[in-house]
Structure formats: structure tokens, C-alpha cells
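What follows is the residue order along each chain.
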Amino acid sequence: MKRTQSNKLYEEAKQLFPGGVNSPVRAFRSVKGSPIFMERGENAHIWDEDGNKYIDYCCSWGPLILGHRHPTVMAKINEVLAKGTTFGTPTKYGIDLGELIISNNRFIDKIRFVSSGTEAVMSAIRLARGFTKRDKIIKFDGCYHGHVDHLLVKAGSGLATFGTSSSAGVPEAFAEKTLVLPLNNPEKLSEVLEKEGDEIACIIIEPIPANNGLLLQDKSFLECLRLKCYKYGILLIFDEVISGFRVGFEGAAGYYNIKPDIITYGKIIGGGMPVGAFGASNEIMSHVAPDGPVYQAGTLSANPVAMAAGYGQLSELAKDSFYDILEEKTTYLVDKINTHCIKNNYQVKLFNVASIFWIAFTEAKKVQAANEIDGEKMSYFALLHEFLLENGVYLGPSGYEVGFVSAAHTQEDLDNTAEAFCAGFDKIFS
Ligand SMILES: *Cc1c(COP(=O)(O)O)cnc(C)c1O
């Protein structure tokens, strides 16, 4: 497989962008390769600048649940493009998308559109602080919430519960307001809340943690979070930027039937355009400007082209049995690969929930917390990644990232993918 054009473009890009990219994981560093420059996509397939074709399981890191260039999405985008791109005024396209979401979601009364997942989370945290008039927040080790200052924080050393920043440029004074706890650990949570519960504004969690492997939580842990938040007057934020509209139209809140106080969305909500959102009850949302004192704004918020793309995509997702069919496809793929690995006693398995899957090089039956992932084993992922590229399957270039099955993946795609995975594992483990 030739990558001449990609390699040439990468050399040019390095002159222009730090690391040659505009978002770090795209740089292929964790698989020790060079990024592949994509040229176009159609259904479940993408083509790179050298003309190589791949079955795509990155799906732009999640947004493309219908695959590339779905006709409904494209038609909506073209309809708006014929009229303009942005007006800086309200448009009916925002209402269409807002109405579709709110009328199919039991957990929120009002929503505010923004332009990225990061922005949604940043605003949700500010809202929680404004609402509770408290400063401290709790997050979990192994959850990613975008590049928000207060959330680029990792567990501190020793007995300290307050975090230390995981990025240069984040003031220690910010990091100290963020407590970092282990996932799926109700004891540790109780312990911290007993001491500091009445100083905490919010607990933020990816209810389906999918940015550092797929760390499926016990439902009882999520229920425990809900009850503890009621007890201490803390707002529970479900960061559903990945899980929203992915595990069901109502996301993880609907999947587990747990009502968070604030939900953040991103990725799928924009139909491939830059959209994020946060939603909550009327009472909580009444604190957002201009109704309330929590300031939040955006020049391109609820951009009409993006709203229309989101509406086109979500209107497809709202159809009967959409999610059942997608889950069946994913289970088919994952089972087929796992059966081969079990038969051959390979130390690897695919975990999945709905259409999210993750490749774990482990013997463990479950992986539920960040410290249960063996970083050394990521060298296997790098080998698999390169093998799959050579065999026409595109995964995100990091073993900590999950893969996504889209509605556009056909039976043939799934069978070809399973075959490539099995051959890849045969090669790695032989
Ligand atoms: C992707 C993601 C974000 C950040 O969204 P961006 O659109 O990349 O800013 C935040 N939270 C979660 C759970 C995500 O998966």
C-alpha cells in the first residue's frame, strides 16, 4: 500500500501546525506511524490521498453514526447552504433540532447549543458552580471531558484528593478545585463526600467512559452517584459527548434510566458539523444568560448549517429500531472476532456497548477503571493498527480509543473486518 501523497502532505503540514496536526491524537504517535490524509468518504468507506480505500471505524471519532455523506444529512445541509451560512440571529433550524431532541428526551427541559464538546462541558461546569454557589468539582480518573482547564487534571500523589494539572498552562489554583477519584469505587466516593460533600458543586462523569478504553461501570455505581448528589446538594453532570445519541436516542441517561442534573452533548449531535450542547431542567437552565447570571455565548452557536446537519442525522436516529439494528451489527462483529481469539487462546478481547467497541489486550473479564489497563500491551495495538491499515480497515490511531460501528457498515464490511482482525491477531500472536 502506497502512502506517498500522505507522507508528502504530512511534511508540508509539519511546517504549518504543531506536530503537523490540529488535534494531537491525529498525529499517529502512539502507533509510531505517520498520519494518513483522507480525501473523501462514502457510507462506511474512506479513501486517502493515495487512493487507498478503508472500512472506517473511527467515523470522525464518533459523530458519523450514519456513515459518510448520508443522503438525509446532505440534503439538509444543501437546503441551508443555498440560503447562507450564518446570520448571527436565531433561525428556525435551531428550533427544529432543539424540538426534536427535547421531545424525545425525558431528562432535559431546555438546551443551549454551542460549537464543541469542550465548550459544552466548560459551560456546564460554570452553570453547576453558578447554580450551587460552590467551587469544587469531582471528576474521575479515566474520563476525558475535552480540554477544559479545570478538567485537565489527574489524580494527585499519595493521600491528597485534589488533582494536579495534566497540561502545562493550567494554574495549580484551578487544579486544586478539582478532586479526582477512581471509577467504579463507591467507598472512595463516600469517604470524600463525607469530608467535603457540602463544598462540591458538581460531579462530572462519562456515564459510559469511552476515552481511555471502554470502562463500563456497574449500574449500581452510577445509581450511587445519583443518590449521593441528591444527599449533598451536588449537581450530577453526565458528559454524554460520546454516549449521547450513541447508545440510544436518550444516551446513557436513558440506557441506565438515571436522571442527571445536566447533560452535555457533542459529536453525533451535529451530524458531522461542529456542534455541542448542554441541557437541564427549566430550573437549572433559568440560571443561564440572558435569563440568569451564568454567562455563556458564541458567535457561531446554533449555526444554521450545523443545526440542519444535526437535524438530518438525529431524525434518522429517532426512527424505530435504529439502535437495535446497529447493536446487532456490532455484536455480530465483536462476537466473530472474540470467538476466534478464544479458540486460539489469544490474550485479547473486544468489549462493546451498543455500537461502541474497544480492543483490550487483557485476560481480565472486565476492565472498569483506568489503572486496570496495562500500558505495556499497547505495543500490540500498534502492530494490529498497522496490519489493519494494510488490509483496508481504519481505526483511530491509539489503543486507548474506542471504535464505532455506523449504520452504513454492511454485512460484507463486517465480515471483511472480522477476517482482517483475525488474520492480524494470528500474525501478532504467532
Ligand atoms: C470528545 C469528547 C469531549 C470533547 O469534545 P470536543 O468536541 O472534542 O471538544 C468531551 N467529553 C467527552 C466525553 C468526549 O468524548
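A brief structural summary. (Residues numbered from 1 in each chain as written. Predicted model: local features only at pLDDT ≥ 70, side-chain atom pairs only at ≥ 80, totals over all residues. Heavy atoms only, no water.)

Here's the deal with the pairing of strand β14 (residues 356-360)
At step 1: Among the 5 residues in β14, 5 count as buried, and that is most of the element.
At step 2: Of the two faces of β14, the one lined by Ile356, Trp358 and Ala360 and the one lined by Phe357 and Ile359 are each fully buried.
At step 3: Bridge count between strand β13 (residues 349-353) and β14: 5 bridges; the pairing is antiparallel. The residue bridging lysine 349 from the neighbouring strand is alanine 360, located in β14.
At step 4: Hairpin connection of β13 to β14: 2 residues between the antiparallel strands, including alanine 354 at a positive phi of 45°.
At step 5: By the bridge criterion, 2 bridges tie β14 to strand β16 (residues 403-404) in an arrangement that is antiparallel. (Buried < 20%, exposed > 50% of the residue type's maximum accessible area, 1.4 Å probe, protein only. Helix = DSSP H or I, 4+ residues; strand = E, 2+ residues; numbered from the N terminus. Pairing = 2+ DSSP bridges.)

Thoughts on the packing of helix α3 (residues 92-102) against helix α10 (residues 304-317)
Between two packed helices, the angle of one axis relative to the other and the distance separating the axes together describe the packing.
At step 1: For the pair α3 and α10, the least separation of the axes is 8 Å and the interaxial angle reads 30°. For the pair α3 and α10, the crossing hand works out as left-handed. Counting all contacts with α3, which are made through Tyr93, Gly94, Asp96, Leu97, Leu100 and Ile101, the residues of α10 involved are Pro304, Met307, Ala308, Gly310, Tyr311, Leu314 and Ser315. (Axes fitted to C-alpha atoms, helices over the stretch in contact; angles between N-to-C directions. Left-handed = near helix turned anticlockwise from the far one by under 90°. Contact = heavy atoms within 4.5 Å.)

Some words on the pattern of salt bridges
At step 1: Under the counting rule described, the total for this entry stands at 15 salt bridges.
At step 2: In this structure, glutamate 390 engages arginine 3 in a salt bridge whose closest nitrogen and oxygen atoms are separated by 3.0 Å. Taken together, the residues span a long stretch of sequence, with glutamate 390 in helix α12 (residues 378-390) and arginine 3 in the segment before α1 (4-16) at a distance of 387 residues.
At step 3: Of the residues examined, glutamate 390 reaches a relative accessible area of 37% and is grouped as partly exposed.
At step 4: For lysine 188, the salt bridge identified is with glutamate 191, shortest N-O distance 3.6 Å. Taken together, the positions of lysine 188 and glutamate 191, both in helix α6 (residues 186-196) and 3 residues apart, correspond to about one turn of that helix.
At step 5: Taking relative accessible area as the criterion, lysine 188 reaches 26% and is therefore assigned partly exposed.
At step 6: Given the relative accessible area of 45%, glutamate 191 is considered partly exposed.
At step 7: Taken together, the salt bridges that share partners define one network made up of Arg3, Glu386 and Glu390. (Salt bridge = Lys/Arg side-chain N within 4 Å of Asp/Glu carboxyl O.)

Some details on the sheet that holds strand β9 (residues 200-205)
At step 1: An order of β4-β12-β11-β10-β9-β5-β8 is seen for the 7 strands of this open sheet, with the pairing classed as mixed. The outermost strands of the open sheet, each flanked by one partner alone, are β4 (110-114) and β8 (178-182). Going across the sheet, the axis of each strand differs from the next one's by a mean of 20°, ignoring polarity.
At step 2: In terms of strand pairing, strand β11 (residues 262-265) meets strand β12 (residues 276-280) through 4 bridges, oriented antiparallel. The residue bridging isoleucine 263 from the neighbouring strand is glycine 279, located in β12.
At step 3: Sheet contacts for α6: β5 (136-141), β8 and β9; angle to β8, the most-contacted strand, approximately 155°.

Re α12
At step 1: Relative to the 18 Å expected for 13 residues at 1.5 Å per residue, α12 spans 19 Å between its end C-alpha atoms, a close match to the ideal helical length.
At step 2: Along α12, the residues classified as buried are Met378, Phe381, Ala382, Leu384, His385, Phe387, Leu388 and Leu389.
At step 3: Where the residues of α12 are buried, they touch β3 (53-56), β14, β15 (393-394) and α13 (411-429).
At step 4: Immediately downstream of α12, the backbone of glycine 392 shows phi near 80°, a positive value. (Expected span 1.5 Å × (residues − 1).)

Quick notes on the nonpolar core
Soluble globular proteins: nonpolar side chains tend toward being buried together.
At step 1: Counting 109 residues, the largest nonpolar core has Phe140, Phe245, Leu314, Leu317, Ile359, Phe421 and Phe425 as its most contacted members.
At step 2: Inspection of this core shows a minimum of three residues originating in each of domain 1 (4-69 + 320-429) and domain 2 (71-317).
At step 3: Dropping the residues within four chain positions of it, leucine 314 is found in contact with Leu97, Leu100, Ile101, Phe245, Phe249, Ile268 and Ile269.
At step 4: Judged by nonpolar contacts, the second largest core, of 21 residues, contains Val114, Cys202, Phe278 and Met285. (Core = buried A, V, L, I, M, F, W, Y, C linked by side-chain atoms within 4.5 Å. Domains from an automatic or database assignment.)

Remember that the coordinates give geometry; whether it matters functionally is a separate question.
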